[in-house]
Amino acid sequence: MKLKHAALTILTLLAVAALAAVYATRNREYQSDQFLMDTLINIRVYGKDTETLKTAVREAFTEMRRIAELADHFPQPGTAGFEASDICRINAQAGLKPVKVSAEIFEMLELSKKYADLSGGAFDITIGPVMAIWGFGGKHPVVPQKTALAKALQLVDMKSLVLDPAARTVFLKKPGMKLDLGAIAKGYATEKAIRVIQRYGITSALIDAGGNIRVLGRSPRNSPWKIGVKAPRKPGELAAVLSLEDSSAVTSGDYYRFFEADGKRMHHILDPRTGYPAGHSMSVTVVTKDAGVADILSTAFFVLEPAKALQLAGALKTELLIISADGKTLQTPGLAGSLRPASPSGSLYEQGR
Ligand code: AMP
Ligand code: MG
């Protein structure tokens, strides 16, 4: 009897030890949301130690917030937000003098110059004065008067954005010029946040910054992450599902910040050549490793005619999915293996704009 009891105890102990071992090697999830850059940002990370996961997410948000503050162009002079923002200080000194900036802002501006050139001016962060008269930053955007628009357009000029790498200064030559990093800051901050997470040894993570998706490694199911691309004119429905590993998918669309005027959809992605909303596409999704580059390119490709966008995506070796203004789906050939139509039953997916 005693022997049987001892055997049972040992068996029980063995079972507990086995369970504990399984539990210790199993991945745990930690996730958190914060409202930043006008968007709800979700970060989720997977790993064995919950404390490490929590610290990594907290630090990743701190990094995103720091970059968001440096890049914010909305704060008014005299506020703490204004003093914290390199972009506010650059804009305030337009036509006056160069401004010393952080390494991050300098890098964003260099990237912006590079892709402004590559896109033939479709991507242009000096769009600030035109954005301001449309009022997209506020609650009541309006179609601007033609003369006011023409005047603001004269200040949209990448050649008058002077970068001095040695002194790390930035100068806007013309008074009234204004930088707007709305098309790059979220993606850039997301990429930096992923690097923070990697420093904690984490190999599986996802950041969803309102449509800017960056995944690290494979999903906790040890398969590629499934990312939904929203159908631009059918709220709640997906147009496609992408499989992603260690990469980003960033969407620019005409359906999340817009108003109707003169029977037209007036949205916030402007063609710098005309000052009016770009009209070739409803939605453009770029797949490439770096979320900052993906963010820039989604905006640039949204402005370009689809044929030109596809050509440039091929040259830059990035993948691209376009839903054009007439509802056609166009894509780079490399996307075929990782893209499938959304199943009507509602497929399993992580997130997407
Ligand atoms: P996204 O959603 O990434 O395409 O960025 C849109 C935001 O980028 C707008 O809200 C503006 O702040 C800014 N923007 C609009 N048009 C352009 C453009 N042609 N080039 C660069 N930035 C732009
Ligand atoms: Mg963008």
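Our subject is the structure listed above.
Residues numbered from 1 in each chain as written. Chains lettered and ligands numbered in written order. Predicted model: local features only at pLDDT ≥ 70, side-chain atom pairs only at ≥ 80, totals over all residues. Heavy atoms only, no water.

Taken together, 19 residues lie near ligand 1, and Asp180, Ser252, His268, Leu270 and Thr299 sit nearest. A distance of 2.9 Å separates an oxygen atom of ligand 1 from a polar atom in the side chain of Asp180. At a separation of 2.7 Å, an oxygen atom of ligand 1 approaches a polar side-chain atom of Thr299. Relative to its unbound accessible surface of 500 Å², ligand 1 loses 95% to contact with the protein. Take the shell around ligand 1: its biggest share by element is 3 residues, from helix α9 (residues 291-303). (Near = heavy atom within 4 Å. Polar contact = N/O pair within 3.5 Å; in protein donor to acceptor, adjacent residues only side chain to side chain. Areas by Shrake-Rupley, 256 points an atom, 1.4 Å probe, with all protein chains shown as cover. Helix = DSSP H or I, 4+ residues; strand = E, 2+ residues; numbered from the N terminus.)

Before going further, it helps to spend a moment on the environment of Ala291. Following the sequence through the fold, Ala291 ends up in helix α9. The exposure class assigned to Ala291 is buried, which follows from its relative accessible area of 1%. Between the alpha carbons of Ala291 and Arg214 there is a distance of 6.2 Å; along the sequence they are 77 residues apart. Residues contacting Ala291, with those up to four places away along its chain left out, are Gly187, Thr190, Glu191, Arg214, Ser248 and Val250. (Buried < 20%, exposed > 50% of the residue type's maximum accessible area, 1.4 Å probe, protein only. Contact = heavy atoms within 4.5 Å.)

We now examine the packing of aromatic side chains. Using the criterion set out here, one finds 5 aromatic pairs in the structure. Relative to Phe136, the ring of Trp134 lies with its centre 5.7 Å away and its plane at 20°, an arrangement referred to as stacked. Here Trp134 matches Phe136 in class, with each residue buried. Taking the centre distance of 6.3 Å and the plane angle of 55° together, the rings of Trp134 and Phe259 count as tilted. One end of the pair, Trp134, is in helix α6 (residues 128-134); the other, Phe259, is in strand β11 (residues 258-261), with 125 residues separating them in the sequence. Accessibility expressed as a relative area gives 0% for Trp134, which makes it buried. Using a relative accessible area of 15% as the deciding quantity, one classes Phe259 as buried. (Phe/Tyr/Trp six-rings, centres within 6.5 Å; stacked < 30°, edge-to-face > 60°.)

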